[in-house]
Amino acid sequence: MTAPETAPHTPRTPAPDGAPADHGAARQRLLADPGLAGVRRRAVLARLTDHWLTGLLADAAAAVRSPSAAGERPAPVGVALVAVGGYGRGELSPRSDLDVLLLHDGTTWGGGISSLAEQLWYPVWDSGVALDHSVRDLAAAREVAADDLKAQLGLLDARHVAGDPSLTAALRSAVLADWRAGAARRLPELQEMCRERAERHGELSFLLEPDLKEARGGLRDLVALDAVAASWLADAPRDGLGEAAQRLADVRDALHLVTGRATERLSLQEQDQVAARLGLLDADTLLRQVYRSARTVAYASDVTWREVGRVLRSRSRRGRRTPRLAFPFSGTGRTSGAVARGAVERRPLAEGVVEQDGEAVLAQAARPLQDPVLPLRAAAAAAQAGIAVAHATVRRLAAESRPLPVPWPDEARDRLVALLGAGAACLPVWEALEAEGLVTRLMPDWERVRCRPQRNAVHRWTVDRHLVETAVRAAALTRRVARPDLLLVAALLHDIGKGWPGDHSEAGEVIARDLAVRMGFDADDVEVLALLVRHHLLLVDTATRRDPDDPATVEAVTKVVGSPQNLELLHALTEADALATGPAAWSAWRASLVNDLVGRAAALLAGGPPPAPPAAEPGAEEERLAVEAGRTGGPVLSVRAQLQRPEEEAGGPAGEPLGVELTLAVPDRPGLLGTVAGVLALHRLTVRAASVRELDPVGAGPVLLLSWTVAAEYGDLPEAARLRADVRRALDGGLDVARRLAERDAAAPRRRGAPAPPPRVTVAPGGSSVSATVLEVRAQDAPGLLHRIGRALEDTGVRVRTARISTLGANAVDAFYVTDAEGRPLDGARAAGVAAAVQRALA
């Protein structure tokens, strides 16, 4: 039931001409009018209050000027009543304070200004309306504003109510001039105030009992955005911002009417009543609308503060001394006049993407309409570099890029994994994609979990943010699994079924299958992802509810997971899920129970044969290359473009190259793998996959066959003849690959980038195959990584017989089959030493 509003006292003084005789009764009728709501009710309430205060000021002035002349009400001179803050904006909620300033010229009233103020304030107090008031002349108002940022913000919304309008006009002009003149000093202070408020009150879009005014993304941030706009240095993206502001204000109005109090906290016990007053289905619908509005405001705030930072940095570069702003993210994509006039350095990040002034923007030659992977490529490049995608860039990508073909091209899936694998740096980039509708375009099922509240004290996030946070946590665990791509995608999808009725794990399995097929995973990977989503609670539920000493407990787990690889994926997903849920969901005790269960299950699953090198037979072209290399004693190179699917299958133009397959046959020699990998790195070729095999064609001696799938980091691919010549020079000693890579790395600008887990080099379980020892390397992919690994292996004196190199998103997952100089597997001690040496080299 709606709480009745307490009727205010009747003012002592008569109402002005045309005003209701009883302001309290008129206000009560206004608030009870079912035909008035939202913006219109707030505006009508402000006008009613203006009329009332106008009469009160006239009565007070008459009483002070001529106490004996009862009933005479000459127009006040030398004084003005000014509305500030929310009242100044004409946005009066049912229980809002009246923020007013009695402004005087300093001479007309002399000592009588105090008596005038008392005559004015007492009737307001008697009415029961909350009042926040001050009495100042123009000089004092400016002085207070200069010392008190909150006071200055309130005066930015100054609006004339009664008295001498020229005084109000002078105040507005002076305050705005002061604000703009001091913007370089005050805006950093305002930004810090917003940050501190967010730390105290949290993020509105994730709180079950949010403060509509003070939390990040709330009404206070809207005031800050207006203040930034008033400085003329930057403006917020306005799409959807007005609707978000109106929705938050409407919810606050309903909250005031339901509680009968001037409260800003949307507590659980009032949410159903507030939803009913707004005509919404239930409290969850109310919270989703509040969360969506808050995200719009928070995103606009991030964009705006980045733009302020750009402008102030530009001024600083031109020699002006401005305070340094510590912004969480940077860049909007709009180029200010100051920036446009100066030379701005643009550094390549990926094909079609460059870094400019601390943000990722599109290269001049980028064509979103012809490149459906570009949104994910830009997002992944930005996240991996630890910067934001420019606002204008995201807007352009949303407007111009065409949907990805189904199934996705391999590069699109790879870039999604790289985006998720960036860890915390993924969050601002993901928020930008989501704000412009790109996430839902990629995954239509995402809309059902977007902004969905979780009414559980353990959960600290909405469903969608929890999924992204789980991926962030999983990014730190990628070195523990052989398939980091499956771990990251499973983390993103594990609770996707919460948007549907029934058991969310069962519903999620169905959705995960569909999305995995959409993303282009093969049939085996689809089954693994479906298993991880369906059973993402298996380990923690079993560990905390079943007896681990009962053989049936461990057997039940192994029956579900089926393989050691699935077990390690499920273990990492369990930990990431719990860590992303909240501090109450994961503890040392829970971790120990899960670890013990996983150890028992791993022991039961162990005992299979050790991994063996790939046994695929070489094709006719590979045999030809090996024979030619054995005959000539030099490198033989074959280049073949990897083409997109036909238009009717891929949804795009046919024949567009996605990458290049390089096959290189070279007579075996020490250091071959590292040398060739270094040449590819010098040509800025990204290795997506590679294999190394040893052949012995027609008795010509051992020949290594290196098969690479590569793509240009950016720009065009090098000519095959030039690539072949550089390989030959490097093998002959005419090209010092290591020195050239070191020089290029030293000259490259240092970006903070996304923190990555440290590399991990291990001897594969089982230690050796029949003929070689298997080393597994898991590390962050980077230019020259394979070159460093190859050199480190060479320095230990081992030979690489076979290798499998995979790049999964931003993660390299490589397996090297190595032997000693006589071609025998390494013993345990030496294998461990080689692994440690490679790990030291990568660190």
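See above for the structure.
This is a predicted model, so every value here is computed, not measured.

Student: Hey, could you run me through the overall build of the protein in this one?
Tutor: The helix and strand inventory of the protein stands at 34 helices and 16 strands. For the protein, the proportion of its 843 residues judged to be buried stands at 54%. Considering only contacts within the protein whose residues lie at least 6 apart along the sequence, 71% involve residues at least 24 apart. A total of about 35,700 Å² of accessible surface is found on the protein, and carbon and sulfur atoms cover 51% of it.

Student: Would you explain the packing of aromatic side chains in this entry?
Tutor: Remark: the centre distance and the inter-plane angle together describe each pair of aromatic rings, the angle taken between the planes. Taken as a whole and assessed by the stated rule, the structure comprises three aromatic pairs. Plain terms: the ring middles of Tyr122 and Trp125 are 5.0 Å apart, the flat faces sit at 90° to each other, and that makes the pair edge-to-face. Here the residue Tyr122 and the residue Trp125 both occupy positions in helix α4 (residues 112-127), the gap between them amounting to three residues, near one helical turn. A relative accessible area of 41% means that Tyr122 is categorised as partly exposed.

Student: Could you clarify how one ought to interpret the sheet that holds strand β7 (residues 359-362) in this entry?
Tutor: Hydrogen bonds between backbone groups are what pair the strands of a sheet, and the pairing can be parallel or antiparallel. In spatial order, the strands read β5-β6-β7-β8; together these four strands make up an open sheet with mixed pairing. The sheet is open, and its two edges are formed by β5 (346-350) and β8 (388-389), each paired on a single side. Of the pairings in the sheet, the one linking β7 to β8 comprises two bridges and is parallel in character. Note on β8: the bridge partner recorded for Ala360 is Val389.

Student: I keep staring at the packing of helix α21 (residues 484-493) against helix α26 (residues 564-581) and nothing clicks. Help me out?
Tutor: Running from N to C, α21 and α26 point in directions that differ by 45°, and their axes come no closer than 10 Å. By the angle class used here, α21 and α26 are oblique. In the packing of α21 onto α26, the handedness of the crossing is right-handed. Facing Leu486, Leu487, Ala490 and Ala491 of α21, the residues of α26 in contact are Leu569, Ala572 and Leu573. Here the contact of α21 with α26 is composed, by residue class, of seven nonpolar, no polar and no charged.

Student: Help me understand the sheet that holds strand β2 (residues 98-104) in this model?
Tutor: One open sheet accounts for four strands, arranged β3-β2-β1-β4; its pairing is mixed. Since the sheet does not close on itself, it has two edges, and those belong to β3 (131-137) and β4 (159-163), each with one partner. Geometrically, the sheet is characterised by an average inter-axis angle of 25° between neighbouring strands, direction not taken into account. Judged from the four bridges that link them, strand β1 (residues 79-83) and β4 form a sheet pairing that is antiparallel. Across the sheet, residue Ala80 finds its bridge partner in β4, namely Gly163. Along the sheet face, α4 touches β1, β2 and β3 and points at about 165° away from the line of β3.

Student: Teacher, can you tell me more about the environment of Ala392 here?
Tutor: Looking at the element boundaries, Ala392 is found in helix α15 (residues 391-400). Judged by its relative accessible area of 31%, Ala392 falls in the partly exposed class. For the pair Ala392 and Leu362, spaced 30 residues apart in sequence, the C-alpha separation works out to 9.6 Å.

Student: How should I be thinking about the nonpolar core in this particular structure?
Tutor: For soluble globular proteins, nonpolar side chains are generally found buried alongside one another. Counting residues in hydrophobic clusters, the biggest one holds 97 residues, and the most contacted among them are Leu419, Trp430, Met443 and Trp446. Counting residues per element, this core draws most heavily on helix α14 (residues 374-385), which supplies nine residues. For Leu419, the residues in contact, after removing those within four places along its chain, are Ala379, Ala380, Ala383, Cys426, Val429, Trp430 and Leu433. Residues Leu637, Val666, Leu685 and Val727 belong to the second largest nonpolar core, which totals 50 residues.

Student: What exactly am I supposed to notice about the environment of Arg313 here?
Tutor: Here Arg313 is to be found in helix α12 (residues 283-317). Between the C-alpha atoms of Arg313 and Asp357, which are 44 residues apart in sequence, the distance is 9.4 Å.

Student: Would you explain unusual backbone geometry in this entry?
Tutor: Glycine aside, the phi torsion of most residues is negative, and most peptide linkages are trans. Residue Pro407 is bonded to the preceding Val406 through a cis peptide linkage, with omega at 0°. A positive phi angle, close to 70°, is found at Trp232, a residue other than glycine. You can call Trp232 exposed: its relative accessible area is 66%. Backbone geometry at Arg684 places phi at a positive 55°, although glycine is not the residue there. Within the fold, Arg684 resides in the loop between α30 (672-682) and β11 (685-695).

Student: Is there a simple way to explain helix α23 (residues 523-534) in this structure?
Tutor: Helical geometry note: an α-helix holds 3.6 residues per turn, so side chains three or four residues apart project in the same direction. For α23, spanning 12 residues, the distance from its first C-alpha to its last is 16 Å, which sits close to the expected 16 Å at 1.5 Å a residue. Within α23, the full set of buried residues consists of Asp525, Val526, Val528, Leu529, Ala530, Leu531, Leu532 and Val533. The inward-facing, buried residues of α23 abut α21, α22 (504-519), α25 (551-561) and α26. The N-cap residue of α23 is Asp522: its side-chain oxygen and the backbone nitrogen of Asp524 are 3.2 Å apart.

Student: Whenever I open this one, the pattern of salt bridges confuses me. Can you help?
Tutor: Note that side chains of opposite charge can pair when their charged atoms are close. Counted under the stated rule, the structure contains 53 salt bridges. When the shortest N-O distance is used, the salt bridge between Arg310 and Glu359 registers 2.9 Å. In this pair, Arg310 sits in helix α12 while Glu359 sits in strand β7, placing the two residues 49 residues apart along the sequence. In this structure Arg310 comes out as buried when scored by relative accessible area, which is 1%. Of the residues examined, Glu359 reaches a relative accessible area of 1% and is grouped as buried. Here Asp596 makes a salt bridge to Arg600, at a shortest N to O gap of 2.9 Å. One end of the pair, Asp596, and the other, Arg600, are both in helix α27 (residues 588-605), four residues apart, so they sit about a helical turn from each other. A relative accessible area of 32% means that Arg600 is categorised as partly exposed. If you follow the salt bridges from partner to partner, you end up with Glu506, Glu509, Arg513, Glu527 and Arg534 in one network.

How each quantity is defined
Residues numbered from 1 in each chain as written. Predicted model: local features only at pLDDT ≥ 70, side-chain atom pairs only at ≥ 80, totals over all residues. Heavy atoms only, no water. Helix = DSSP H or I, 4+ residues; strand = E, 2+ residues; numbered from the N terminus. Buried < 20%, exposed > 50% of the residue type's maximum accessible area, 1.4 Å probe, protein only. Contact = heavy atoms within 4.5 Å. Areas by Shrake-Rupley, 256 points an atom, 1.4 Å probe, with all protein chains shown as cover. Phe/Tyr/Trp six-rings, centres within 6.5 Å; stacked < 30°, edge-to-face > 60°. Pairing = 2+ DSSP bridges. Axes fitted to C-alpha atoms, helices over the stretch in contact; angles between N-to-C directions. Parallel < 35°, antiparallel > 145°, perpendicular 65-115°, else oblique. Left-handed = near helix turned anticlockwise from the far one by under 90°. Nonpolar A, V, L, I, M, F, W, Y, C, P; charged D, E, K, R; others polar. Core = buried A, V, L, I, M, F, W, Y, C linked by side-chain atoms within 4.5 Å. Expected span 1.5 Å × (residues − 1). Polar contact = N/O pair within 3.5 Å; in protein donor to acceptor, adjacent residues only side chain to side chain. Salt bridge = Lys/Arg side-chain N within 4 Å of Asp/Glu carboxyl O.

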